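Each chain, letter by letter, is given below.
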Amino acid sequence: MRFPNHFRWGAATAAYQIEGAVNEDGRGESIWDRFCVTPGNVHNNESGAVADDHYHRYREDVQLMQELGLNAYRFSIAWPRILPAGRGQVNIAGLDFYDRLVDALLAANIEPFVTLYHWDLPQVLQDEFGGWASRDTATAFAEYADVVSRRLGDRVDNWITLNEPQVCVYCGHEEGIHAPGLRDSRLAWQASHSLLLAHGMAVPVLRANGGTHTNVGITLNLAPVHPATTIDEDQFVANMVDGGLNRWYLDSIFRGSYPNDILNLLEYKGLAPRVMSGDAEIIAVPVDFLGINNYSRILVRQKAKETLGTWEFVKVEEAEHTMMDWEVYPTGLYELLVRVHKEYQIPCLYVTENGAAFSDTVSEDGRVHDERRINFLREYLLQAHRAIAEGVPLAGYFVWSLLDNFEWAKGYQMRFGVVYVDYTTQRRIIKDSGYWYRETIAAKG
Ligand code: FCB
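Criteria and thresholds
Residues numbered from 1 in each chain as written. Predicted model: local features only at pLDDT ≥ 70, side-chain atom pairs only at ≥ 80, totals over all residues. Heavy atoms only, no water. Core = buried A, V, L, I, M, F, W, Y, C linked by side-chain atoms within 4.5 Å. Buried < 20%, exposed > 50% of the residue type's maximum accessible area, 1.4 Å probe, protein only. Helix = DSSP H or I, 4+ residues; strand = E, 2+ residues; numbered from the N terminus. Contact = heavy atoms within 4.5 Å. Polar contact = N/O pair within 3.5 Å; in protein donor to acceptor, adjacent residues only side chain to side chain. Pairing = 2+ DSSP bridges. Axes fitted to C-alpha atoms, helices over the stretch in contact; angles between N-to-C directions. Parallel < 35°, antiparallel > 145°, perpendicular 65-115°, else oblique. Nonpolar A, V, L, I, M, F, W, Y, C, P; charged D, E, K, R; others polar.

## With respect to the nonpolar core
Trp-32, Trp-79, Tyr-98, Tyr-117, Trp-132, Phe-141 and Leu-290 are the most contacted members of the largest nonpolar core, which totals 127 residues. Counting residues per element, this core draws most heavily on helix H9 (residues 185-208), which supplies ten residues. Once residues lying within four places of it in the same chain are set aside, the contact partners of Leu-290 are Ile-218, Leu-220, Leu-222, Leu-250, Phe-254, Val-340, Ile-346, Cys-348, Leu-349 and Tyr-350. Core analysis: the second largest hydrophobic core is formed by 16 residues, Phe-113, Phe-289, Phe-398 and Met-414 among them.

## A few points about the environment of Asn-294
Note that Asn-294 resides in the loop between strand S7 (289-293) and strand S8 (298-302). Relative accessible area serves as the criterion here: at 0%, Asn-294 is assigned to the buried category. If near-sequence neighbours (up to four positions away) are discounted, Asn-294 is found in contact with Leu-222, Ala-223, Pro-224, Gly-332, Leu-333, Leu-336, Glu-353, Asn-354 and Tyr-380. At a separation of 3.1 Å, a polar atom in the side chain of Asn-294 contacts the main-chain carbonyl oxygen of Leu-222.

## Structural notes on the sheet that holds strand S6 (residues 225-227)
In space, the three strands of this open sheet follow the order S6-S8-S9, with mixed pairing throughout. Strands with a single pairing partner mark the edges of an open sheet, and in this sheet they are S6 and strand S9 (311-313). Pairwise comparison of adjacent strand axes, ignoring direction, gives a mean angle of 40° for this sheet. Examined bridge by bridge, S6 and S8 share three bridges and lie parallel to one another. When the bridges of S8 are listed, Val-225 appears paired with Ile-298. Helix H10 (residues 232-254) contacts S6, S8 and S9 of the sheet and is inclined by roughly 130° relative to S8.

## Regarding the environment of Arg-386
If you trace the backbone, Arg-386 turns up in helix H14 (residues 371-389). Sequence spacing of Arg-386 and Asn-375 is eleven residues, and the spatial spacing of their C-alpha atoms is 17 Å. The residues touching Arg-386, leaving out its near neighbours within four places in the chain, are Thr-331 and Tyr-334. Among the polar contacts made by the side chain of Arg-386, one reaches the side chain of Gln-383 at a distance of 2.8 Å.

## Quick look at the packing of H14 against helix H15 (residues 432-442)
For any two helices packed against each other, one specifies the inter-axial angle together with the distance between the axes. H15 packs onto H14 with a crossing angle of 30° between their chain directions and a minimal axis gap of 9 Å. Overall, the two elements H14 and H15 adopt an arrangement that is roughly parallel. Packed against H14, whose contacting residues are Arg-373, Ile-374, Leu-377, Arg-378 and Leu-381, the element H15 presents Asp-432, Ser-433, Trp-436 and Thr-440 at the interface. Considered class by class, the residues forming the contact of H14 with H15 number four nonpolar, two polar and three charged.

What follows is the structure, given as structure tokens:
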């Protein structure tokens, strides 16, 4: 099975998960630095303080990408490295780092895909404005996008405004398991609105600072939501969860309005975000592509004997699960790509993340035999190919992740890389899946 000639074969990472060097060259504090300090927030009380030490080892890491044959690399920029106070004073040393990284990538013929926000908000914005609860943070984000794209816009053609606003909203503001660790549903929905506004405000800025080749998009984590049974109650909650996770974001960005059913439900519960006139237009500014992160599907049912609308996750015990306890469900990627294409007619799609965590170890032969990851990637790529064959404009695939890294609240136990990292020595070892990916890329399929 061959993929199109210009298909992007990439890998993805995020600043806080790999860089380390949190106190170097003028970087400010982020909400993740703060969150990790509170005991109990992160597995083993770990943090991204050192991570993969990529800040110092980026040249070696670009070489690894070359060895794998990648033609694209998705990474994120740490806002607190650029604007330690969130806005205002620019930290030139921070910009310099990404400048060098971009040049190293281009010299290696690897196309940079730059994410501006992958969850590491400057802590001062949380303290001053309440972070994403406030639209002032959206304004600050547009300023940050301006500063970064003025410096890199001559060489970076692909910009992703936000990574997975849904996770920021749900895990960060509703469940409290991610930074900033809040548990407040009303605030969470307000945060979703500010994040979407931030996206919409940054798009024209990124375009203005780029050339004619500039492409701007956003990355959403999308998943098919299935009802556990065919009974009406389960179908009702499946549609509702789909509305909160998928349609809330897709409809507002690509159709110019929040989905009515979800908005009504939120109004009824007193949770609807405050919206100003003109906001819907800002959010729906046309983009060039949509990035989709997909790992699994979501199976739900109505909670027994409770009022309509309360729901719970259902686990299919006999299915294969990764170490994250996510069901391996490759056809879900196909289903999603076809649906998004049919319902939203977006000009270009990327899979900006897909991958799996397993408990990898280094064998006596010095290699990492991660057969299960190879199977995972093969099955998902087959489904991506199937979607392309049916006319879905999928232009690239980015495996999560290039390197094992700091998996947020789950810490370092979750290894997602196609390259293994020994955290005591920082030695990198290409896993069997990395070699498999290299062959797949070389054969274009
Ligand atoms: C996604 C995140 C990414 C990584 C993967 C496993 O939700 O965008 O940073 O943690 O999950």
